[in-house]
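If you want the building blocks of each chain, they are given just below.
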Amino acid sequence: MPTYRLHCFAQSGNAYKVALYLNCAGIEWEPVFVDYMAGATRDPEWRARVNPMGEVPVLEVDDKRLTQSGAILTWLADKTGKFAPKGDEQRYEALRWILFDNHKFTSYLATYRFQRCFMPQPPDPAVLAFLRMRIDGALSVVNEHLSKTPYLLGEEPTIADFSIAGYLFYPSTELGYDFETSHKNIYAWTQRMKAIPGWKDPYDLIPGERIAPRWTSQS
Ligand SMILES: N[C@@H](CCC(=O)N[C@@H](CS)C(=O)NCC(=O)O)C(=O)O
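Since the structure is predicted, the reported quantities are computational estimates derived from the model, not experimental observations.

A few words on the environment of arginine 96. Tracing the chain through its elements places arginine 96 in helix α4 (residues 87-117). Once the C-alpha coordinates of arginine 96 and arginine 47 are considered, the two residues, 49 residues apart in sequence, prove to be 29 Å apart.

Listed below in structure tokens is the structure:
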């Protein structure tokens, strides 16, 4: 049985994508806390030793080091068969959603949340307004898609769902969205994801001190 060690911190939804997958796939893993807020990922020594891209998550599988949540999820699905897309058509669909997530969904939502909650200085309202407009567009696409299907690729959850799920289980006070009222299909899907054995809240799954949101009144 390989040893899985995930470099992560609690506020990282990108790390949560992989942590949640591992938990739901029933794979034993251990977290390696990265002190992102103290600048760990910008430290040249950390980059040389862990990830030259300067990002979390990093998954160590024995001697192998994997980075980029979408690539890690794809690798894990290929190796374990758990939550794997079935056949060429679904593999293509999973890739499409993972790319959409990385470009249009997680990128804006994570940045918006970071600016509202964790920046040392107050955010620029124009920047928040721009990010919110982009997030609204991406949320509509996902909400509309989930009106037709229980999970992104059909009847069963796959790595595409774990990718899109990365930031959606953080509290609405951090996200600035309450999906139960704003995006009902996304909300219903989060309830289905929560029912998968092994599901855990990000703050229960990944180590790191919880930080009270700092600038939520700005947006
Ligand atoms: N596309 C990457 C994004 C990873 C990412 O942005 N990670 C954040 C934490 S959530 C990070 O480590 N950022 C470091 C930085 O930008 O300096 C993935 O999906 O793994």
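Turning our attention to the sheet that holds strand β1 (residues 4-8). Pairing within the open sheet is mixed, and its 4 strands lie in the order β2-β1-β3-β4. Looking at the sheet topology across the chains shown, the edges are occupied by β2 (30-33) and β4 (64-67). The average angle at which neighbouring strand axes cross in this sheet is 25°, direction not considered. As paired strands, β1 and β2 are joined by 4 bridges and run parallel to one another.

Turning our attention to the site of the ligand. Residues in contact with the ligand, as listed here, are Ser12, Asn14, Thr41, Gly54, Glu55, Val56, Pro57, Gln68, Ser69, Gly70, Asn102 and Ala110. Contributing elements (two or more residues each) for the shell around the ligand: α3 (69-80) and α4. Residues of the shell around the ligand, tallied by class, amount to 3 nonpolar, 8 polar and 1 charged.

Below, the discussion takes up unusual backbone geometry. Put simply, valine 56 and proline 57 share a cis peptide bond, and its omega is 10°. Summarising the element assignment, proline 57 is placed in the loop between α2 (44-49) and β3 (58-61). One non-glycine residue, aspartate 62, adopts positive backbone phi at about 50°. Here aspartate 62 lies in the loop between β3 and β4. The exposed category is assigned to aspartate 62, around which 10 C-beta atoms lie within 10 Å. Here phenylalanine 83, not a glycine, exhibits a phi torsion of approximately 55°, which is positive. Position of phenylalanine 83 among the secondary structure elements: in the loop between α3 and α4. Of the residues examined, phenylalanine 83 has 22 C-beta atoms within 10 Å and is grouped as buried.

The rules behind each value
Residues numbered from 1 in each chain as written. Predicted model: local features only at pLDDT ≥ 70, side-chain atom pairs only at ≥ 80, totals over all residues. Helix = DSSP H or I, 4+ residues; strand = E, 2+ residues; numbered from the N terminus. Pairing = 2+ DSSP bridges. Axes fitted to C-alpha atoms, helices over the stretch in contact; angles between N-to-C directions. Near = placed C-beta within 6 Å. Nonpolar A, V, L, I, M, F, W, Y, C, P; charged D, E, K, R; others polar. Buried ≥ 20, exposed ≤ 12 C-beta atoms within 10 Å, placed from the backbone.

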